Amino acid sequence: MFVDTHCHLHDQKLLDTDAVVKEYLRDGVDTVINAACCALTSEAGKTLAEKYPSVYFMTGCHPSDINGFNDDEFDRIQKLTSHEKCVAVGEIGLDYHWEPYDKEKQKAGFIRQIELASDRNLPISIHSRDATADTLKILKDNKSKLKSGAVMHCFSGSKETAEEILKLGIYISFAGPLTFKNARNLLDVARFVPDDMCLTETDSPYLAPHPLRGSVNSPKNVSLVTAFLAELKGRDVESMADIVFKNARRLFYKLK
């Protein structure tokens, strides 16, 4: 039984959603969580969660969409947190990769959504790209607001960064990049992270794992990520999948 803790099932690249869902269920993926980038994709996630029993969703504003994060956008996101299948606020965080970007606006949006999650007793799913120092500072400064937990989605940082994340009680999620042939440092990180703090995801339709790199990714491929993680940790796939699923249910407590 596999779980994809972070995908974008609403993305148009996945085309036929019915077919995608049938494929991942057939391949043993029991649960997927649709991550949002804005109010519109949050609402799309809600629609999918209401249609498919295996789908849950997050609501939130991605840092790259922060320019549209006004009070109306916040109100729409906030409203969705009360839905029975909304399991987290995410993905939220900082992204200093794509220019132009407004660091202060991203920081303010990140903190406001951390506070929302805290108020609604929900975990957060964190996006951080080229922004490690600022991300860690905000998380440390707001540690008391992380009472419902957090996950660093699609982690690709250093062992030292992973250690800081773990000190905050934040889960670390691995995706397709773990399987890439140039991911030597990430292999050491995956071995270092305790089993009970590991999650797996696809971030589909992006970041397809080896040997599918470059193709459109799908939640069914979380089994490849989990199998790779199991091998790194000297476990069989079934036991690793069970550990990850238990971790997911512990963090995303609304999962059934």
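Quick summary incoming for the structure in this document. As the structure is a computational prediction, the values presented were derived from the model and not from experiment.

### Focus: the overall build of the chain
In terms of regular secondary structure, the chain is built from 9 helices and 8 strands. A buried classification covers 56% of the 256 residues belonging to the chain. Once local pairs closer than 6 in sequence are excluded, the contacts in the chain between residues at least 24 apart make up 73%. In the form shown here, the chain has an accessible surface area of approximately 11,400 Å², with 49% of it arising from carbon and sulfur atoms. Charge separation in the chain, taken as the distance between the mean sites of 33 positive and 37 negative side-chain charges, equals 3 Å.

### Overview of the nonpolar core
Ranked by internal contacts, the top residues of the largest apolar core, which has 73 residues, are Leu9, Ile124, Leu139, Ile170, Phe174 and Phe252. Of all the elements, helix H9 (residues 237-251) adds the most residues to this core, at 7 residues. The contact partners of Phe252, leaving out residues within four places of it in the chain, are Thr5, Ile33, Val87, Ala88, Pro123, Val151 and Leu199.

### Focus: the packing of aromatic side chains
Scanning all chains against the criterion turns up 2 aromatic pairs. Their ring planes at 15° and their centres at 5.3 Å tell us that Tyr96 and Tyr101 sit as a pair that is stacked. A relative accessible area of 8% places Tyr96 in the buried class. A cation over an aromatic ring shows up here: Lys85 above the ring of Tyr56, its NZ or CZ 4.7 Å from the ring centre. Over the aromatic face of Phe180 sits the side chain of Arg213, whose NZ or CZ is 3.7 Å from the ring centroid.

### Let's talk about unusual backbone geometry
For residues besides glycine, phi is generally negative; the peptide bonds are generally trans as well. For the peptide bond that leads from Gly90 to Glu91, omega is 5°, which places it in the cis range. Positionally, Glu91 belongs in strand E4 (residues 86-95). You will see that Asn121, though not glycine, has its phi angle at about 55°, which is positive. Along the polypeptide, Asn121 turns up in the loop between helix H4 (103-119) and strand E5 (124-129).

### Re the pairing of strand E2 (residues 29-34)
With 5 of its 6 residues buried, E2 lies for the most part within the structure. Bridge analysis of strand E1 (residues 2-7) against E2 gives 4 bridges, and the strand direction is parallel. Bridge pairing in E2 places Cys7 opposite Asn34. After leaving E1, the chain enters helix H1 (residues 17-26) and then returns to the sheet as E2, a path that is right-handed.

What counts as what
Residues numbered from 1 in each chain as written. Predicted model: local features only at pLDDT ≥ 70, side-chain atom pairs only at ≥ 80, totals over all residues. Heavy atoms only, no water. Helix = DSSP H or I, 4+ residues; strand = E, 2+ residues; numbered from the N terminus. Buried < 20%, exposed > 50% of the residue type's maximum accessible area, 1.4 Å probe, protein only. Contact = heavy atoms within 4.5 Å. Areas by Shrake-Rupley, 256 points an atom, 1.4 Å probe, with all protein chains shown as cover. Lys, Arg positive; Asp, Glu negative; His and termini not counted. Charge placed at Lys NZ, Arg CZ, Asp CG, Glu CD. Core = buried A, V, L, I, M, F, W, Y, C linked by side-chain atoms within 4.5 Å. Phe/Tyr/Trp six-rings, centres within 6.5 Å; stacked < 30°, edge-to-face > 60°. Lys NZ or Arg CZ within 6 Å of the ring centre and 35° of its normal. Pairing = 2+ DSSP bridges. Right-handed = clockwise from strand over helix to strand, strands pointing away.

Honestly, it's all geometry; don't read function into it.
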